[in-house]
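Summary of structural features
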Amino acid sequence: MASRSRLRLAAAGENPIPQSKSGGEGGTERKPEEARRREVTDLGGGSEVVHVPRFVAREAAWGWFDYLDKRIPWTRPTIRVFGRSAVQPRDTCYVADEGLTDLRYSGHQPHAHSWDEFPVLKDILKAVHEALPGSHFNSLLLNRYKTGSDYVSWHADDEPLYGPTPEIASVTLGCEREFLLRKKLTKSQASLGSGEVAPKRLKVSAPQQHSFLLKHGSLLVMRGYTQRDWQHSVPKRAKASSPRINLTFRRVL
Ligand SMILES: O=C(O)CCC(=O)C(=O)O
Ligand SMILES: [Fe+2]
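Residues numbered from 1 in each chain as written. Chains lettered and ligands numbered in written order. Predicted model: local features only at pLDDT ≥ 70, side-chain atom pairs only at ≥ 80, totals over all residues. Heavy atoms only, no water.

As recorded in an unreviewed UniProt entry, the chain goes by the name Fe2OG dioxygenase domain-containing protein, listed as coming from Oryza glumipatula. In its Sequence similarities (unreviewed entry) section, the UniProt record describing the chain reads: "Belongs to the alkB family." (UniProt positions renumbered as here; feature names shortened; annotations may be inferred.)

Okay, here's the thing in structure tokens:
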């Protein structure tokens, strides 16, 4: 379902988007107004998503993809989901400022690599900071979805170490994939749905949902109470025939 509440396209020049040095060759250069296009979706209740479809020029984005695909020490850890052990359905790697080793999710504590090991990540971080004035990301979770069978299931990045209103900036390289957001159910909605409180025939309306097609070189930012009130996922997609690398920049408080 397409997002219905795209509120406004930010005025050109409102926020600077970096131009790539290598984007000018081979007809890959973006028109300035296209490079600055950002769609702001107000999710309500103080939650917001910003989508910058052409955050970085195609050629530069492929340069980043090739480097990360080859150089990142990808692992596929065993995690715990609903009390069961399972191999995570995508490759991953964690990079963070010195001393930020506390990330733990699904019973797994990833090793924190240093930014110094991967100079390209410093360039990408710089570009993200320039696009999002006032942001100070200090950690990065990378994901690689090798085929359309790799995915991330419904979750929120609501770990306390990110604080109550984290800004999370997500860069997509390679194969485009669908990114879904759905509103978390309130306790009373959840119990209605389970049939514990009300008879089953009492219909519970479907949660609000938004979908974004995240293309090569795009940036998606989740802000405000998005992690508290919404969940997101990247579902399996049979048609996705090539790998996708995703970088989510976060700030550990
Ligand atoms: O791959 C994506 O677009 C999302 C990844 C994600 O949600 C996460 O790493 O927490
Ligand atoms: Fe996430």
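Read on for the rest.
Brief notes about the pattern of salt bridges
Inspection of the entire model under this criterion finds 13 salt bridges. For arginine 76, the salt bridge identified is with aspartate 91, shortest N-O distance 2.7 Å. Within this pair, whereas arginine 76 is found in the loop between helix 2 (58–71) and strand 4 (78–81), its partner aspartate 91 is found in strand 6 (residues 91–96), the two being separated by 15 residues in sequence. Among the residues examined, arginine 76 registers a relative accessible area of 32% and is labelled partly exposed. Exposure remark for aspartate 91: the relative accessible area of 5% places this residue in the buried category. The partner of aspartate 91 in a salt bridge is arginine 144, with the nearest N and O atoms 2.9 Å apart. A residue pair is termed long-range when its members are at least 10 positions apart, and aspartate 91 in strand 6 and arginine 144 in strand 8 (residues 139–145) qualify at 53 residues. Arginine 144 matches aspartate 91 in its accessibility class, with the two residues each being buried. Each of Asp69, Arg76, Asp91, Arg144 and Asp150 takes part in a single network of salt bridges with overlapping partners. (Salt bridge = Lys/Arg side-chain N within 4 Å of Asp/Glu carboxyl O. Helix = DSSP H or I, 4+ residues; strand = E, 2+ residues; numbered from the N terminus. Buried < 20%, exposed > 50% of the residue type's maximum accessible area, 1.4 Å probe, protein only.)

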